[in-house]
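Spelled out from the first residue to the last, the chains are:
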Amino acid sequence: MYKCEYCGKIVKSSSGLKRHISTCKAKKEVEVGNDMPKDSIESTVDICNDKKIQKLLDLRKSTYDAHTRNLIDMQINELRG
Ligand SMILES: [Zn+2]
């Protein structure tokens with residue numbers, strides 16, 4: 001058994017752990033926290049956009065309507081600049 005050091009999730013294999021860590025939200029938050037200069041407004045904006053993009057990506061995964069997906073893609077592209 002392997003345990004994610006960031007969120008404590010248990011996975012069965014080392015490859016599963018690698019895969020989990022690449023998507024682990026707790027890990028992302030740790031890394032963002034470490035990288036972020038506390039007085040940088042720009043970084044904060046970037047992180048907000050990342051979170052929005054992540055939400056949109058989640059939404060996109062759960063939606064099967066082509067029109068809605070296009071709208072989500074457009075929003076993601078705007079957020080990414
Ligand atoms: Zn994790």
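Residues numbered from 1 in each chain as written. Predicted model: local features only at pLDDT ≥ 70, side-chain atom pairs only at ≥ 80, totals over all residues.

## Quick word on the environment of Arg80
Here's step 1: Position of Arg80 relative to the elements: it lies in helix α4 (residues 66–80).
Here's step 2: Note on Arg80: 9 C-beta atoms within 10 Å, which makes it exposed.
Here's step 3: In sequence terms Arg80 and Asp50 are 30 residues apart; their C-alpha atoms lie 8.3 Å from each other. (Helix = DSSP H or I, 4+ residues; strand = E, 2+ residues; numbered from the N terminus. Buried ≥ 20, exposed ≤ 12 C-beta atoms within 10 Å, placed from the backbone.)

## Regarding α4
Here's step 1: With 15 residues, α4 ought to run about 21 Å at 1.5 Å a step, and its terminal C-alpha atoms sit 21 Å apart, in line with that.
Here's step 2: The buried fraction of α4 amounts to 1 of the 15 residues, a small share that puts the element mostly on the outside.
Here's step 3: Phi turns positive, to about 75 degrees, at Gly81, one or two residues after α4. (Expected span 1.5 Å × (residues − 1).)

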